[in-house]
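Coordinates in review
Letter by letter, the chains look like this.
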Amino acid sequence: MKTVTRFFKRYNLIIIVILIVVQGYYYNLDELLFIRPQSLHIMRQTDCLSMTQNYYEKNISLWEPEIQNHFLDDGLSGKSAAEFPLIYYLVGQLWKIFGKSEGLFRIINLSILVLGLLTLFEVTKKYTGNVFLAGFLSLLLFTSPMLVFYSMNFMPNGPAFGLVLLAWYFIFRYSKSDSLYILWIATILFSLAILIKIAAAISFIALAGWLFYENIFIKKENRRISLKMVYIIQIAIVVISSFAWYIYVDHYNEIYGGSFSYHGIWPVWEMDRALFEKVIDHVKVIFFKDYFLNIIQYITVVMWIILLFSFKKMNSFQRFFLIILPVGMAMYLALWFQVLEAHDYYLINMLIVLVYVWVMFFYHFKDKKVMAHPVLYLILVGLLIYSSQHCKTQLDERHRGWMNDWYMTKLEALTELEPIFIQHGIKKEDKVISIPDGSVCATLYYMERNGYTDFASDFSKDEIFRKRINQGAKYLIINDPEILNREVLQPYIKDEMVVYKNVHIYDLRNIDLK
């Protein structure tokens with residue numbers, strides 16, 4: 001038994017890595033990592049991929065993000081910025097070296113998250129002194145269907161969360177070593193996390209708030225840490241870098257005449273009753289079970305309440321975070337409540353609240369005999385297995401159920417058109433009109449073509465067809481034959497080039513625009 005214990009203590013990090021890999025294999029990630037982008041939020045996935053595609057194909061700098069929908073710059077380009085595009089830029093450069101691979105993109109995103117989970121394991125292990133509980137928490141996070149799905153699907157929310165966990169690892173190391181270079185690493189990681197997804201700022205804001213709170217309202221002799229000038233500089237760097245980027249975004253988008261992404265708020269107080277009830281219904285029926293296994297969410301609330309009853313036994317840092325993080329999450333939900341009707345990924349970075357509650361619970365009760373009891377360990381293993389099974393079920397539903405209908409029935413054929421394009425002389429640089437497509441550039445990305453979709457182009461109007469043709473559109477590609485009887489389409493579907501599955505391609509080069 002002692003030999004086994006020594007083995008686990010020596011190789012625990014490797015064991016956690018293996019267990020995460022096993023979880024991934026159970027979820028069929030070995031297959032899902034290499035399929036085309038699909039399922040929920042194809043629009044947002046392909047926004048990210050479209051920028052990456054442009055970094056790959058064009059010799060443009062990090063500061064010149066571009067999408068494939070050319071509704072900007074008077075219909076001549078897709079130059080538009082949103083979140084800091086560092087990951088898209090880096091993946092684009094890697095594609096130039098190794099060739100285009102969506103799987104590589106997914107692996108990079110997922111690797112950032114996994115690194116965060118491993119550092120969470122290290123922090124929890126050292127903070128609680130319990131390897132099992134530390135491993136359980138990291139593995140439990142990897143059972144959130146929302147976190148797993150979006151982390152492997154090109155969007156920045158999962159990597160941002162992983163970077164936050166990495167930042168907290170270095171904050172923890174700094175608290176033990178007082179080495180400034182470690183704190184600078186945390187500063188850089190926080191900056192990057194917030195730049196690529198602003199919601200990742202919640203725990204950083206809490207940390208900065210605690211530093212100022214303690215040095216303003218707590219007597220000097222009772223302070224846990226003094227506010228040094230270097231801390232103020234580092235906080236300023238994180239804040240200024242984020243503000244500077246979004247000032248640049250506004251400037252860049254103003255130059256080219258618009259944006260594909262909204263950077264404001266969607267607050268609850270601007271909703272009518274019908275919309276509010278619709279959001280609640282969607283969360284209850286569809287998304288609540290995708291955030292996490294229901295019982296995990298309920299247990300987390302119970303843990304938080306129990307910790308509130310132990311409030312006086314905590315130090316100032318622990319008390320502050322126990323209140324501020326949930327309050328920050330509540331404020332975030334109030335400011336962006338409207339998007340929860342369909343955008344579950346907005347809550348990924350709120351998982352830091354769950355992390356803190358579980359870590360604090362394990363820490364606060366670490367000396368209780370029950371926390372090392374084999375029966376508790378068996379219960380937690382069972383809960384982990386149950387939650388992993390739930391995650392797999394939800395991932396399967398997202399890829400094989402109704403959530404993937406659009407891709408399976410309309411979009412998949414678009415991914416197979418390149419040989420047909422070559423056969424009919426449709427070049428990479430030829431612009432196309434691709435409808436119906438209410439997304440920014442999903443169909444354009446699948447076809448690897450620039451052009452126009454229904455987003456920012458009202459193709460129910462004849463003048464918009466004429467405008468886009470004047471701006472360079474040479475072909476009309478329709479992915480849903482049911483719209484072919486629309487009156488507005490009749491002048492533009494006379495010269496049919498080819499029909500492939502559900503896709504009809506028409507030549508627009510001979511259209512008389514007089």
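Here the structure is shown first, and the text comes after it.
An account of the accompanying structure is given in this report.

Conventions and cut-offs
- Residues numbered from 1 in each chain as written.
- Predicted model: local features only at pLDDT ≥ 70, side-chain atom pairs only at ≥ 80, totals over all residues.
- Heavy atoms only, no water.
- Core = buried A, V, L, I, M, F, W, Y, C linked by side-chain atoms within 4.5 Å.
- Buried < 20%, exposed > 50% of the residue type's maximum accessible area, 1.4 Å probe, protein only.
- Helix = DSSP H or I, 4+ residues; strand = E, 2+ residues; numbered from the N terminus.
- Salt bridge = Lys/Arg side-chain N within 4 Å of Asp/Glu carboxyl O.
- Arc of directions from axis to C-beta.
- Contact = heavy atoms within 4.5 Å.
- Pairing = 2+ DSSP bridges.
- Phe/Tyr/Trp six-rings, centres within 6.5 Å; stacked < 30°, edge-to-face > 60°.
- Lys NZ or Arg CZ within 6 Å of the ring centre and 35° of its normal.
- Patch = residues over 30% accessible without salt bridge, like charges linked within 9 Å, V, L, I, M, F, W, Y side chains within 5 Å.
- Areas by Shrake-Rupley, 256 points an atom, 1.4 Å probe, with all protein chains shown as cover.

Some thoughts on the nonpolar core
In terms of nonpolar packing, the biggest core is built from 158 residues, with Leu-29, Phe-142, Phe-161, Trp-168, Phe-190, Phe-321 and Trp-358 touching the most fellow members. Here this core gets 13 residues from one element, more than from any other, and that element is helix 8 (residues 157-177). Core analysis: the next-biggest nonpolar cluster, separate from the first, contains 18 residues, Ile-435, Leu-484, Leu-489 and Tyr-506 among them.

Observations concerning the pattern of salt bridges
As enumerated under the stated definition, the model contains 21 salt bridges in all. For Glu-83, the salt bridge identified is with Arg-44, shortest N-O distance 2.6 Å. Taken together, the positions of Glu-83 in the loop between helix 3 (42-57) and helix 4 (86-98) and Arg-44 in helix 3 put the pair 39 residues apart, joining distant regions of the chain. Overall, Arg-44 belongs to the buried group, its relative accessible area being 12%. Between Glu-448 and Lys-100 there is a salt bridge whose closest N-O contact spans 3.0 Å. Placement of Glu-448 in the loop between helix 19 (442-447) and strand 2 (451-452) and of Lys-100 in the loop between helix 4 and helix 5 (102-128) is noted, with a sequence separation of 348 residues between them. Given a relative accessible area of 26%, Lys-100 falls into the partly exposed group.

Looking at helix 20 (residues 462-470)
Of the positions making up helix 20, those classed as buried are Ile-464, Phe-465, Arg-468 and Ile-469. Along helix 20, the residues classed as buried sweep out an arc of 135 degrees about the axis, all on the same side. Residues of helix 20 that are buried make contact with strand 1 (431-435), strand 2 and strand 3 (473-478). Of the residues trailing helix 20, Gly-472 is marked for its positive phi of about 120 degrees.

Re the environment of His-282
The residue His-282 is located in helix 12 (residues 273-291) in this model. Not counting chain neighbours up to four residues away, the residues in contact with His-282 comprise Phe-287 and Glu-341.

So, the pairing of strand 5 (residues 503-507)
In terms of residue burial, strand 5 counts as a mostly covered element, since 5 of its 5 residues are buried. Alternating positions in strand 5 separate into two faces, Val-503, Ile-505 and Asp-507 on one and His-504 and Tyr-506 on the other, with burial throughout. Judged from the 4 bridges that link them, strand 3 and strand 5 form a sheet pairing that is antiparallel. Within strand 5, the residue paired with Ile-478 across the bridge is His-504. As paired strands, strand 4 (residues 496-500) and strand 5 are joined by 4 bridges and run antiparallel to one another. By the bridge assignment for strand 5, Val-499 is matched with His-504. Connecting strand 4 to the next strand, strand 5, in antiparallel fashion are 2 residues, including Lys-501 with a positive phi near 55 degrees.

Here's the deal with the packing of aromatic side chains
Any two aromatic rings considered together are summarised by their centre-to-centre distance and by the angle between their planes. For the structure on display, the rule yields 43 aromatic pairs. For the ring pair Tyr-127 and Phe-172, a centre distance of 6.3 Å and an interplane angle of 85 degrees mean the geometry is edge-to-face. On the criterion of sequence distance, the pair formed by Tyr-127 in helix 5 and Phe-172 in helix 8 is long-range, its members being 45 residues apart. We classify Tyr-127 as partly exposed; its relative accessible area is 22%. Judged by its relative accessible area of 13%, Phe-172 is buried. Here Tyr-332 and Trp-336 contribute two aromatic rings whose centre-to-centre distance is 5.0 Å and whose plane-to-plane angle is 35 degrees, an arrangement assigned as tilted. Comparing Tyr-332 with Trp-336 shows no difference in burial state: the two are buried. Over the ring of Phe-311 we find Arg-319, and its NZ or CZ is 5.9 Å from the ring centre. Over the face of the ring belonging to Phe-149 we find Arg-398, whose NZ or CZ atom lies 4.7 Å from the ring centre.

Remarks on the side chain of Gln-318
Inspection of the secondary structure puts Gln-318 in helix 14 (residues 316-335). Not counting residues up to four positions away in its chain, the partners in contact with Gln-318 are Tyr-127, Tyr-356, Met-360 and Tyr-363.

Side note on a nonpolar patch on the surface
Taken together, the side chains of Leu-180, Trp-184, Phe-212, Tyr-213, Ile-216, Phe-217, Met-229, Ile-232, Ile-233 and Ile-237 present a nonpolar region at the surface, about 940 Å² in accessible area. Of all elements in the fold, only helix 9 (180-196), helix 10 (202-217) and helix 11 (229-256) reach the threshold of two or more residues within the nonpolar patch. Among the structural elements, Tyr-213 can be located in helix 10.

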